Structures are given as structure tokens and as C-alpha cells.
Protein chains: 2
Amino acid sequence: MKRTNYCGDITAALVGTKQTLCGWVNSYRNHGGVLFIDVRDRSGLCQVVVEPSSPFFDIAYGLRNEYVIEVTGTVKRRIEGAVNPHMKTGEIEVVAEDLKVLNTSIALPFDVENSRNASEEIRLKYRYIDLRNPKMFANLLLRHRIAQAARRYLDGQGFIEVETPVLTRSTPEGARDYLVPSRVHPGEFYALPQSPQMFKQTLMASGIDRYFQLARCFRDEDLRADRQPEHTQIDMEMSFVTIDDIHEIVEGLMKEIFKTAGKELKTPFLKLPFAQAMDQYGSDKPDLRYHLQIKNVSSLFDHTGFKVFQDVLSANGAIYAVRAENQAGESRGHFDKLTELAKKNGAKGLVWLKVKEGTVEGPAAKFFTPGELAALQAAVEAKPGDAILVGSDVNVRTCQSFMGAIRKELVKNLPKLTDWAFAWITNFPLLEYIPEEDRWDAAHNPFTAAVEEDLPKLEQDPGSVRSYQFDLVLNGNELASGSVRNCRRDVQERILALMKHSKEDAAIRFGMLLNALEAGAPPHGGIGLGLDRITALLAGEESIREVIAFPKTAQAACPLTESPNTVDASQLEELGIAIIKK
Amino acid sequence: MKRTNYCGDITAALVGTKQTLCGWVNSYRNHGGVLFIDVRDRSGLCQVVVEPSSPFFDIAYGLRNEYVIEVTGTVKRRIEGAVNPHMKTGEIEVVAEDLKVLNTSIALPFDVENSRNASEEIRLKYRYIDLRNPKMFANLLLRHRIAQAARRYLDGQGFIEVETPVLTRSTPEGARDYLVPSRVHPGEFYALPQSPQMFKQTLMASGIDRYFQLARCFRDEDLRADRQPEHTQIDMEMSFVTIDDIHEIVEGLMKEIFKTAGKELKTPFLKLPFAQAMDQYGSDKPDLRYHLQIKNVSSLFDHTGFKVFQDVLSANGAIYAVRAENQAGESRGHFDKLTELAKKNGAKGLVWLKVKEGTVEGPAAKFFTPGELAALQAAVEAKPGDAILVGSDVNVRTCQSFMGAIRKELVKNLPKLTDWAFAWITNFPLLEYIPEEDRWDAAHNPFTAAVEEDLPKLEQDPGSVRSYQFDLVLNGNELASGSVRNCRRDVQERILALMKHSKEDAAIRFGMLLNALEAGAPPHGGIGLGLDRITALLAGEESIREVIAFPKTAQAACPLTESPNTVDASQLEELGIAIIKK
């Protein structure tokens, strides 16, 4: 007889019916000769009862955890005291009339229920056990639903999913490419794409008009924190659009994605210029769930006697302060820790002050006039019982950044204004100067367009040229990066020249795209959103590894398949390559 | 002003309205000073009229093919004689009130309209021009719709799309793997997957129950006819199923896919056992759009005096014949060509006979009795005016195969019974003997399950063991291959042993899967369907390259990106590999 239902779907409505379930033995108990077996499948658990008189009692008695069984029986209501209100199927049980063992299992290194307590190495090695954990299944299901929702929405908006090659050409940022030796063309290599960027722009030149792809992207980098060698991007590009058009599409997309997780989003999202984000939050991906801001208090210290601040201000630096709510009672050790955090983020030091009734105290208080202290307190809206942290640096951006790190630490103790704080960070500069290499580099993406009216000063004053670049941030995470692109070859070449790519070099590295731009490319723009991160946030997971079926370790290895691995010498010979001992 | 409509959507219903179009100059004509510009976007063409008095007439006059423009104007009905009934927008034109050039274009190597007549190398090098051809856009759109339909249907059936890794382990059929050197683990390699086979089976052991993925698969083989280094598979696996369950799901899937192309399919599909397919059509992927069958006529020649047939029959070979309708009038040269075709497919020769009123003639006719000739004619249902082709071989399979090749040639002249002839080819043997290597090999897939009751004779008589393998064929193309899999490690190891994989070797090559099978793997089965081929068939294209945005040449190269290419020595050094001159 065939499976009639998933275990988790056997509810009281089915009492009296005969059902066949297939699943895993989650646990078993022997109560006075009667066997109680919790059968598990992806939908949940169902309690099966085997009476001592059953002809298959011996088989049932031999069951162990994770054996795979098929059981047919009648759904009965549990007796009063046996009802389990915490279980979806807790009102019923299935009294077995037939039972088959479909497969056995060896003893396993960890329980399915406790799999998430095992070490990561062990979880990944036995991923097929770990994924039986209901939370892991829920994560994969959520990921599927998000992907489906994204596709459905974009399809409805006239976007066409186009698959771009995985075997392609080594790109600008070549150092991070995974290479694939070609057997047919010895000495040559394909590269795995870091993103479909040039292909999607080429598709705009191809008249596709609206493209998307859930695209696998590859990056051979040392895996910090929570990176993977391969990740999935909701990748989009569209023609004849402005930044606002792109924002509108993405806001609609995020609404749909959040709906799959039962969450209602309000749009449009806040737009926050980059300079303002740095000035108010000290970050280009501020966590806007919290109200706290840093404040530029430079003007309060125009006439200060404090040498450090004098020097900073005369070098056109900046002084920022932030309120530390209710921290006036904290120890010196506490403020030392915050100072360390600031230093790790580029600060030379940090001034801390405690606000008491009618006075402001602290080791550095003596350097300031009562007027300065009062103005400072007012600027950060500090109240008695609060502390105030003040940082300064000759480099304004540096000062903002370490004060942003302090803010990030402080908000951990503050109430959230909302669960989901989205913002567009806009008005990025086009180029950033790299002093070590004496060249300009794209602040974000080498294909981002400059604001049209700034083009005349591109060569004279590159740093002042504004761009059509933007980021989408959520709760302090950068979810996506997008821009309106250059659609003219000559402008693109001028920008690449500032990045120290000669015309010849640019033609080699970006040839496909440059050729497409001079053959009637429409104005276009797009964005790429990290599916792994979005899913992890919605699943309430810290790590993207919890929402990837078969992730790799921080050493870019897979304990399950034991890859990477050595290969036969004959395979290398055929590819015309050899391993060099270092 | 923003685009209000696609060009192809400006119909007579919009007469009198003001519209803004964005698109490419498809063509332009000057009729007595009035300019007529056909503007193209992905939806079609729209005629724009520029009056000589327009302030932007000079701009319009400077337009060339493939310039990108934005034009605003009022929709007017064309005058009587100017209506173009072959054009969707042929009743109207847009009288320009504003016109902007958004981008220019250099002169192009071929016209968009005639792009499909250019050489393949040129088409691929300028793919961004080629893809502007409406038929190419239609192909990509169809592919997108098929993919969407497949996902929607499978989602509705409880399948979950799970992404499996692209960077994984070199697999059983290692010789065809693309390898990726690991920088972090020098001397080791990832491999790109030939299919997600082992991962999807592992997902079944993980309790996913129903998995699918539109999966990129990679194969480094010499590109015959119509293969690509990477292709996309609609990959599925499900637990607790029989062959019939899998067939039912796939039939529903094909119905949905065909619906997107406006075609209604009848299900269930014909089921044709492998032995019968070979006996009747001489092929395991018969083109069943045609009625013609080959016939085993061995028994008619039990007492023949023809030495060749005598020898074949005494060696347990076979004789097959096929009717060649209306070919009695063909020349010797025609039959020589058919003989060549048979030889190319393994035949030593071919007997051909012409059926006339009351007699059967031909060079070999003299070797047969009138009774034999009459029986032969009756067996293949040949009529006067037809020819009969007869082949024989000591190896029955060889005889069927070359007669199958002859049949494939003959049906080209026959009427179709239907446009879309699907069939399941079933009852494949589990194993095939490889004499050169003195071992057994999987007839299809090493993970296919044997029919349970045949398991006892697995070691004694491997060739007689039946399998749960099946193929899906459409119009002579193999679209998909599937099976119910082994779900027990011991059985899988016995089969691998017959393929000459020791336990140790099997553990290295198939470790992940074998480990999963002994840890409570459910019974499961699945299938992989070729998305490229399905799309090509529905698009009416001969080659899958016509339904892939950026395909590679038969030399596995991409003329657009010029990949593969040489890379910097420093990149190789970092990977710890060197190029060996052969």
C-alpha cells in the first residue's frame, strides 16, 4: 500500500481512517509491552502504537532510531492523559495493522534532534543526518520558497531568467578567480564567474530588456567569518531605467520575499545618502533598528584648550561623540574595552565622560570648560546616569568609522524600533584614490555610471565625481549592491583609464562588454542580492551555512565528500598541467 | 518622460494617445523628406514618422541602424494604402513629437534580421547582435517559460529546489571531469559535477522527500554534434516511490511544459520495453512519430539455401527486414547508399529487393525460393512498387541497430502520425558485459536498483538481472534517464564489485553516498531531463546552441569572451600548478 499522508498531517480530523505512513523511527518506548514509536518525516512526527499481540511485534521490537519504516494503521484519538498539546499530531495516534522495515540504520554519531549541538565538522561530515533536523529542513524549505517567490515576482514584472556560463573568462579581479584548465586548449584556462556582471550587461545590449538569474557566483578568497567559495545571487539588470525604477522593483521583490516568511514590509525604503550614513551612524551599512546616532561635535571645540582636539581640527579632522545610555555607573575596565574596540577600528584613543546631576566627570574632564561639557551633553542628548564617548581623528572617515563601531556595540543594549530596518544607501562617490598604487579605483563597481553633469571634471577632479551607485542594507547587513551603468564605450574607457587600465589592457579584460557598449547598448542598470544572507536573516540564523544544503568549511573543504582531493596523475597529464611543490 | 509601452504593444486601440517608446532603429526610409523609422524592442516593431518640420529632424536624419532612441509621439491610424497586415502594429504609426538619441552604434558585421544566416563563429562573437534577432529572443523567452513552468509544477507537487555544490569531488567517471585547482589545499582539486546524482540521493537520505533542481552539469568531452561543456538538467529525486510514481510526475511535468508552448499533450505515455524497442525499431530511442517497424524474419529462413543467412542463424544471429515504401523504382546508387549507412552502423552488407506485380527482383533474389520471397513480402507488408531491405548478423543487437539506422533514414519520406511521440523505454538490463575489460558495467547508472527477486542471481548471472531503469524518449531523442535506486549499502557494494570496484575503491569514489545508504536511506528514485534539448525541440531548433544565450563552439571555446585564455603566471604559481609542454 502506498503512503497516504505525511506524518505531520495526521490530525484529529482523520480519526477512524486507515493511513499509511513512511518515515524514520525518531524514538521508541516500551510501556508495559506496548510499543510507542514516533515516526518522523519532513512534515513532523506521528505516534504509532504496536500492540503486543501484533503479528509484527517482533519486527517492531527490533526497530532502532533512524530505521526507515512503512506502517499502516487506523487513526485513533489518544486517551485523555496522553494528549500532547505541544505536538501538531498530539491528539491522535496510529494503531499499527501492518509494519515493514524499508531500511535499517547503523548507530549514528549524534541524534537528529540534537544535531545542531554537534561540532560543525561533524555536522558537515554527516550532513544527511544533520539535515533531518526539523529546523534544517525548515531552512531549506524557506530558501526554496524565497527563490520561488523571487522568480514569480520578477516573471510577473517582465523579467526573463537567462542562464549565463559557469565556464568563462578570467576577469578583472582575476586574483580571486577559480581556474579550470582546458583539455582541448592546453595551457589555457576557463574561470568561474565572480558574478554574471559583464554577461548581464551584454544581455541588455542584446535587447533582453529585463534579465534576472539566481546565479551561482564563485570567489577564491580566504574565508573570513561567513563567506563561502560559492554563493547564490538574485541577479538583475534592466534597460531604460533610473535608480528609482530599480529601487521600486527591488522593494516589490523584498515585499514578496518577506511575505513567504509571513512578514509584511512597508515600502518605499528609507533613502540615506552615503555621507549622511557615515555622519550619523559611522557606517555605510548602518543598523537602523536602533535610533542612536553619532554626532559631529567639532564646532563645539573651536576654541578648546585640549591639544588633541586642537590638532585634529587644525588638520581639518573631526570630533564625534555618542551617548552611552545608563553607562555612568560602569567601571574603568568597561571603558577600556570600548577604547580597545575604537583602536581596533583605527582610533588612537577615546575620551569618556560620565554625566552626573549637574556635573560631567571623567579622566579627561579637566581638559574641557564647563561650557564645552554642557554643550557636548546637550549635543548627544545625554542625561544624568549616561556616559558620553568622544573620538577624534585628522581623517574624518576614520573618525566616523570607529565611532560607528562604538555605536554598533552600544546598540546591543538598546530597544529595537523595528525588527526589519531597510535602507538604500545612495550618492556614493564614483572613485576612490588608492595612494599605494597612485591610481583611482571604483568605489564599488567599475561599470557604474558617473552623474552626467560631473563627466567634464572626470579627469580634473575624479574624487568629486558622483555616481549612480547604491546599496541595500538591512539590520546592518549589506544585502545588495547596484547601480546604473555606463552605456557608452568612451566614457567607460575614461573611467578605466583612471583606474590605470590602458585601452589595450581594458580591451583584453573587458572586451566583450566594451564591444557591446559601442554596438547600440541601451541605458541600463541593475543589482545583485545575496540569497544566502537574505535567507539566513529570515530564518533567524547567524551563519549562511545553516541555509546552504552542502556548505564548505572555513578552509573551503567539504567533509562530506572529502573535497578537494588529489586526482589521478593521468587526469593532470591529459590537462597538460603539473603540481609544483612549494 | 518614461517609456510607456513596448513597441509591439502599440495597437489601434491606442490611437490618439501619447506614448513614449525606447528601442533600436531597425530600419529607416526617407519618403520625400518624411522619415519613417522602424523602432524595435523585444516585443516587436513600431513605425515612427518624423515630419520635415520637426525641430529634431536633423537628429532623426542622422540616425543609423541599431542606434538606441527614445521617442515620444501620438499614435495615429495609417492611411489606407500604408497598412501592413503582416505586422502586429501595422495599422498604426507614431508621429514623433520628441526624439532623443540614447546611444549610437558602430556599423555592425551583420543585420539583426539576417543574423541567423551569418557563420556560427561570427554569430557567437557578436552574440549581443545575434540575440536581438526576434527568433533568438523568442527562444530565450520560451526557455524561461519552460523553466518557470517546471518549477511551478514541481513546487505544486511538494518538491523543494535545493542547490547542490558546483565545486565538488572528482567522480566515478573521473576522466570527463573539469578540475579546479585548490589554492588553500595545494595539490588538491575540486571537480565540477557531471550531475548532482550523489547529492540528490544524499538529500533523500536527509529526509527531503521530494527534491528538484535546474542544475548546471559539466562534462569535458570531445564535443560531438550537439553537446556543450555545460548543460542544464531538470533534476529530480523522490522518496518512497515506484517507477509508476516517477512516470506520473514526469508526465504531469511535460504536460505543463508543453502548455507553455501552447501544445496539449496526452498522458500517460506509451511504455515500451527495451527489448521490444530494439526488436521493432532497432533503437532504444525510437522515433515513434512514424509507424514503420523493422521485422525479425529469421524464422522464414530456417531452411534457406543462402549461405550468409544459414551461417547467421546457426550462430544464433538474426535476420531483420524492413519495407521501403515506393522505392522499387530507385537506382542501384540509392541502395548502395543505404548499404553504406548499414555498414557504418556495423553491418557487413544489406540485401535489397524490389517488389513488382507478382514478382520480387534484385541482385540477391536468385538466392531465395519464391516461397521465401512471398513470405518476406508478407512479413513486411510490402506492396508492388516497394522495396525490401534485409539485414543479418550473428549478433542480434548489431543487426537490430543497423536496421534501426535504415529505418531512421526511411521514415524521412513517410507521413507523421503525430507531432510529438513520447515513450517510456523500460525493462533495461542492470548490467552489460565489457569484454575488453572483463568486467560488468552499469547499463545506465551505477546506482540503479536491481529487481528485488533477481538479486539472488546477481553474482551467478549478472546479465540476466533486470533493473528499475527507464528512459524518456521524444521523437527519437532521449530526453531523460531515470531509475529507482539502490537504497542499501550492501546491495550497492555487490553491484559495484561486479563493476570491479573493490570495497576500498568504492568507499573512496562513492563514499558520501554509501555512508548515507547505511544511515537510514529511504527507498527512492529519480530522473534528470535535458532542459536544452526540450527547449530546442519546442522551439523547432535543430541545435541546442540556439536556445542557450552564450554557448560554446564545438572546440569548447567562446568567441565572445575569448575563453578559455592564458592567465598570469602569478595566478598559476599561487595555485601551485604549472603548464607542461606536450
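It should be emphasised that the depicted structure is a prediction, and the values quoted were computed from it without experimental measurement.

## Comments concerning the overall build of chain A
Logical step 1: Secondary structure summary: chain A contains 15 helices and 23 strands in total.
Logical step 2: Overall, chain A is about 95 × 75 × 55 Å in size when its C-alpha atoms are taken along their principal axes.
Logical step 3: The proportion of buried residues among the 582 residues of chain A is 58%.
Logical step 4: Here the contacts in chain A between residues at least 6 apart in sequence split such that 67% fall between residues at least 24 apart.
Logical step 5: As displayed, chain A offers around 23800 Å² of accessible surface, 50% of which is attributable to carbon and sulfur atoms.

## Here we look at the relation of the copies chain A and chain B
Logical step 1: Least-squares fitting of chain A to chain B yields an RMSD of 0.1 Å, with the transformation described by 0.0 Å of translation along the axis and a rotation of 180 degrees. Here the copies are linked by what is in effect a two-fold axis.
Logical step 2: A symmetric contact is evident, with 100% of the interface residues of chain A recurring at the interface of chain B.

## Overview of the interface of chain A and chain B
Logical step 1: Contacts between chain A and chain B engage 119 residues on the former and 119 residues on the latter.
Logical step 2: Here chain A meets chain B over a buried area of about 10200 Å², counting both sides, of which 58% is carbon and sulfur.
Logical step 3: Counting across the chain A and chain B interface gives 12 salt bridges.
Logical step 4: Between B:Arg143 and A:Glu163 there is a salt bridge, and its shortest N-O distance comes to 2.8 Å.
Logical step 5: Inspection of the chain A/chain B interface yields 63 residue pairs in polar contact (both at pLDDT 80 or more).
Logical step 6: The residue inventory of the side of chain A that touches chain B, partitioned by class, reads 59 nonpolar, 29 polar and 31 charged.
Logical step 7: Of the strand pairs in this sheet, strand S23 (residues 577–579) of chain A and strand S23 (residues 577–579) of chain B are connected by 3 bridges, and their pairing is antiparallel.

## Looking at the pattern of salt bridges
All names here are of chain B.
Logical step 1: Following the criterion strictly, the structure yields 96 salt bridges over all chains and no others.
Logical step 2: Lys 552 serves as the salt-bridge partner of Glu 230, at 3.7 Å between the closest nitrogen and oxygen. Remark: Lys 552 occurs in the loop between helix H14 (531–539) and helix H15 (569–575) and Glu 230 occurs in strand S10 (residues 230–239); sequence separation between them is 322 residues. Lys 552 shares its class with Glu 230; the two are buried.
Logical step 3: The residue Lys 412 makes a salt bridge to Glu 409 at a minimum N-O spacing of 3.1 Å.

## Digging into the packing of helix H7 (residues 274–281) of chain A against helix H11 (residues 396–410) of chain A
All names here are of chain A.
Logical step 1: Where H7 meets H11, the closest approach of the two axes is 8 Å, and the angle between their N-to-C directions is 55 degrees. Overall, the two elements H7 and H11 adopt an arrangement that is oblique. On H11, the residues that touch Phe 274, Met 278, Asp 279 and Tyr 281 of H7 are Arg 397, Gln 400, Ser 401, Gly 404 and Arg 407.
Logical step 2: By residue class, the composition of the contact of H7 with H11 is 3 nonpolar, 3 polar and 3 charged.

## Re unusual backbone geometry
Logical step 1: With an omega of -5 degrees, the peptide bond between A:Thr267 and A:Pro268 qualifies as cis.
Logical step 2: Take A:Pro268: it is sitting in the loop between helix H6 (243–260) and strand S11 (270–273).
Logical step 3: A cis amide bond links B:Ser563 to the next residue, B:Pro564, at an omega of -5 degrees.
Logical step 4: Counting through the fold element by element, B:Pro564 comes out in the loop between H14 and H15.

## Points about the domain arrangement of chain A
Logical step 1: Assigned domains of chain A: these are domain 1 (7–103), domain 2 (136–273 + 421–570) and domain 3 (290–413).
Logical step 2: If you average the C-alpha positions of domain 1 of chain A and of domain 3 of chain A, the two centres end up 64 Å apart.

## What about the pairing of strand S1 (residues 18–31) of chain B?
Residues and elements named next belong to chain B.
Logical step 1: Note: S1 against strand S4 (residues 68–77), 7 bridges, orientation antiparallel. Paired with Trp 24 across the two strands is Val 68, which belongs to S4.
Logical step 2: For S1 and strand S2 (residues 34–41), the ladder comprises 7 bridges, and the chain directions are antiparallel. If you follow Arg 29 over to S2, its bridge partner there is Phe 36.

## What to know about the environment of A:Gly526
All names here are of chain A.
Logical step 1: One can find Gly 526 in strand S22 (residues 524–530).
Logical step 2: Taking the relative accessible area as the measure of exposure, Gly 526 reaches 0% and is therefore buried.
Logical step 3: Gly 526 sits 193 residues away from Gly 333 along the chain, and the two C-alpha atoms are 48 Å apart.
Logical step 4: Beyond its immediate sequence surroundings of up to four residues, Gly 526 is in contact with Lys 200, Met 236, Glu 237, Ile 246, Phe 470, Gly 482, Ser 483 and Arg 485.

Analysis parameters
Residues numbered from 1 in each chain as written. Chains lettered and ligands numbered in written order. Predicted model: local features only at pLDDT ≥ 70, side-chain atom pairs only at ≥ 80, totals over all residues. Heavy atoms only, no water. Helix = DSSP H or I, 4+ residues; strand = E, 2+ residues; numbered from the N terminus. Buried < 20%, exposed > 50% of the residue type's maximum accessible area, 1.4 Å probe, protein only. Contact = heavy atoms within 4.5 Å. Areas by Shrake-Rupley, 256 points an atom, 1.4 Å probe, with all protein chains shown as cover. Least-squares fit on C-alpha atoms with pLDDT ≥ 70 in both. Buried area = accessible area lost by both parts, 1.4 Å probe. Salt bridge = Lys/Arg side-chain N within 4 Å of Asp/Glu carboxyl O. Polar contact = N/O pair within 3.5 Å; in protein donor to acceptor, adjacent residues only side chain to side chain. Nonpolar A, V, L, I, M, F, W, Y, C, P; charged D, E, K, R; others polar. Pairing = 2+ DSSP bridges. Axes fitted to C-alpha atoms, helices over the stretch in contact; angles between N-to-C directions. Parallel < 35°, antiparallel > 145°, perpendicular 65-115°, else oblique. Domains from an automatic or database assignment.

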